[in-house]
Amino acid sequence: HSTLLKVSGLKQYFPIKGGFFGGKVNDVKAVDDISFEVNEGETVSIVGESGCGKSTTGRSILRFETPTAGEVIFDGTNLTTVSKKELKQLRSELQIIFQDPYASLNPRQTVRQILYEAIDIQKVVPKGEREDYLFELLELVGIQPSQADRFPHEFSGGQRQRIGIARALSVKPKLIICDEAVSALDVSIQAQVLNLLKKLQREMGLTYLFIAHDLGVVRHISDKIIVMYLGKIVEMGDSEEIFENPQHPYTKALLSAIPVPNPKKKSQRILLKGDVPSPMNVPSGCRFHTRCPFATEYCAKKVPELRTPNDQETVNHVAACHYMEEIDFSSLEYSKNV
Ligand code: SF4
Ligand code: MG
């Protein structure tokens, strides 16, 4: 597998003018020095609570925002330095699907118009072949071609997401970033859309970067998982490793929050203290120390680096916790059936 996307040392800071007295400038460190790779044909998921920087990471890769520092290499091209013109040409190779397709589909355009617009901008097929191509795309995502002249509001949420997917596919991308693409959908519809995305991946050799707040949603589609907390990667590795052998207390807490399908089995949800701190005021040392049940004074002083756990050198898995080899999760108090 060759590397399609390589993100190195990516930082995305947003300057904020300070308080009532003005003048003082703080940076919101939305993404703070993250590195990862996505291989061709893979699905990599970035997971974390809102404010962890996962969406900003997606937007920085697409250069909706120019990164403060770092590099994004896509298929051999450095996206952080290419000209606007080159970037526009690359747009067909990199697509994004949003959580709310309704907000990103023009309500005054029919499905046909929406897709023709995308097809024409990138000159995917000659005008005379547009209709055949349109029908082909709609069939691919499970929308009846006879519905091509309807408006977005005439479709259900799941169907609208299928239209969003058809639009992304219409320009023949290599990489699709799915930003909470199924989060707003009912569980059964979620599964259908995820299955569709999987099928399309197999058939078209697509690569996905999935952005989600819920580990449960990405479980069955991810090859690799990246867990973010307050702008940093706290754990990353093969999906199976993350689910079967989590090392970071934050990952463990996220895993414990996945609903248990069997109502007789007691939920063992780990309750974290407090809320996610503001990215304007990130805690010293390990950023998770204000909420971590295992934090020591040392954790507040020293930033833990991402590293392979001592006993697993051969596995594709890294985490950033000083004590990951020693932590005994069974010592935690679990909440009573949340
Ligand atoms: Fe918790 Fe300390 Fe590990 Fe951070 S380094 S996750 S605070 S034990
Ligand atoms: Mg988001």
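All values derive from a computational prediction rather than experimental measurement.

Each value, and the rule that gives it
- Residues numbered from 1 in each chain as written.
- Chains lettered and ligands numbered in written order.
- Predicted model: local features only at pLDDT ≥ 70, side-chain atom pairs only at ≥ 80, totals over all residues.
- Helix = DSSP H or I, 4+ residues; strand = E, 2+ residues; numbered from the N terminus.
- Rg over C-alpha atoms; globule rule 2.2 N^0.38 Å.
- Buried ≥ 20, exposed ≤ 12 C-beta atoms within 10 Å, placed from the backbone.
- Contact = placed C-beta atoms within 7 Å.
- pLDDT = per-residue confidence, 0-100.
- Core = buried A, V, L, I, M, F, W, Y, C linked by C-beta atoms within 7 Å.
- Domains from an automatic or database assignment.
- Near = placed C-beta within 6 Å.
- Nonpolar A, V, L, I, M, F, W, Y, C, P; charged D, E, K, R; others polar.
- Expected span 1.5 Å × (residues − 1).
- Arc of directions from axis to C-beta.
- Pairing = 2+ DSSP bridges.
- Axes fitted to C-alpha atoms, helices over the stretch in contact; angles between N-to-C directions.

Peer 1: Got a minute to help me understand the overall build of the chain in this structure?
Peer 2: From N to C terminus, the chain includes 11 helices and 11 strands. Relative to its length of 338 residues, the chain is compact, with a C-alpha radius of gyration of 21 Å against a globular reference of 20 Å. By principal-axis analysis of the C-alpha atoms, the chain measures approximately 70 × 55 × 45 Å. Going through the 338 residues of the chain one by one, you find that 38% of them count as buried. Residue pairs at least 24 apart in sequence account for 66% of intrachain contacts in the chain once pairs closer than 6 positions are excluded.

Peer 1: How should I be thinking about the confidence of the model for the chain in this particular structure?
Peer 2: The share of residues in the chain with pLDDT of 70 or more is 93%, and the mean pLDDT across the chain is 90. Scored as a complex, the prediction yields pTM 0.92 and ipTM 0.94.

Peer 1: What should I look at first to understand the nonpolar core in this one?
Peer 2: In summary, soluble globular proteins display a tendency toward joint burial of nonpolar side chains. One finds Ala166, Ile177, Leu209, Val227 and Val234 to be the most contacted residues of the largest nonpolar core, which totals 79 residues. Here this core spans two domains, since at least three of its residues come from each of domain 1 (3-93 + 173-331) and domain 2 (109-172).

Peer 1: How do you make sense of the site of ligand 1 when you look at a structure like this?
Peer 2: For ligand 1, the set of nearby residues contains 13 residues, the closest of which are Cys286, Cys292, Ala295, Cys299 and Cys321. Residues of the shell around ligand 1, tallied by class, amount to 10 nonpolar, 3 polar and no charged.

Peer 1: Help me out: how do you make sense of helix α5 (residues 130-141) in this one?
Peer 2: Working note: α-helix, 3.6 residues per turn, so residues spaced by three or four point in the same direction. Spanning 12 residues, α5 covers 17 Å between terminal C-alpha atoms, matching the ideal 16 Å at 1.5 Å per step. Within the sequence span of α5, burial applies to Leu134, Leu137, Leu138 and Val141. For α5, the angular spread of the buried residues around the axis is 95°, confining them to a single face. Opposite its buried face, α5 presents the exposed residues Asp132 and Glu139, each directed more than 90 degrees away. Considering only its buried residues, α5 is in contact with α4 (111-121), α6 (157-170) and α7 (187-204).

Peer 1: In this structure, what is going on with the domain arrangement of the chain? I would like to understand it.
Peer 2: One frequent convention defines the size of an interface as the accessible area lost when the parts assemble. In terms of domain boundaries, the chain breaks down into domain 1 (3-93 + 173-331) and domain 2 (109-172). Relative to domain 2, the C-alpha centre of domain 1 lies at a distance of 31 Å. Taken together, the contact pairs 11 residues of domain 1 with 12 residues of domain 2. Top element by residues in the side of domain 1 that touches domain 2 is α7. It accounts for 5 residues. Its residues placed into classes, the side of domain 1 that touches domain 2 shows 9 nonpolar, 2 polar and no charged.

Peer 1: Can you walk me through the sheet that holds strand β3 (residues 43-47) in this structure?
Peer 2: Where strands meet in a sheet, backbone hydrogen bonds hold them as pairs that are either parallel or antiparallel. The mixed open sheet is built from 7 strands, whose spatial order is β6-β7-β8-β3-β9-β10-β11. Edge strands, defined here as strands with exactly one partner in the open sheet, are β6 (94-97) and β11 (317-319). On average, each strand axis in the sheet is inclined to that of its neighbour by 15°, with strand direction left out of account. Pairing of β6 with strand β7 (residues 175-179), which is carried by 4 bridges, proceeds in the parallel orientation. Among the inter-strand pairings, Leu94 is bridged to a residue of β7, identified as Leu175.

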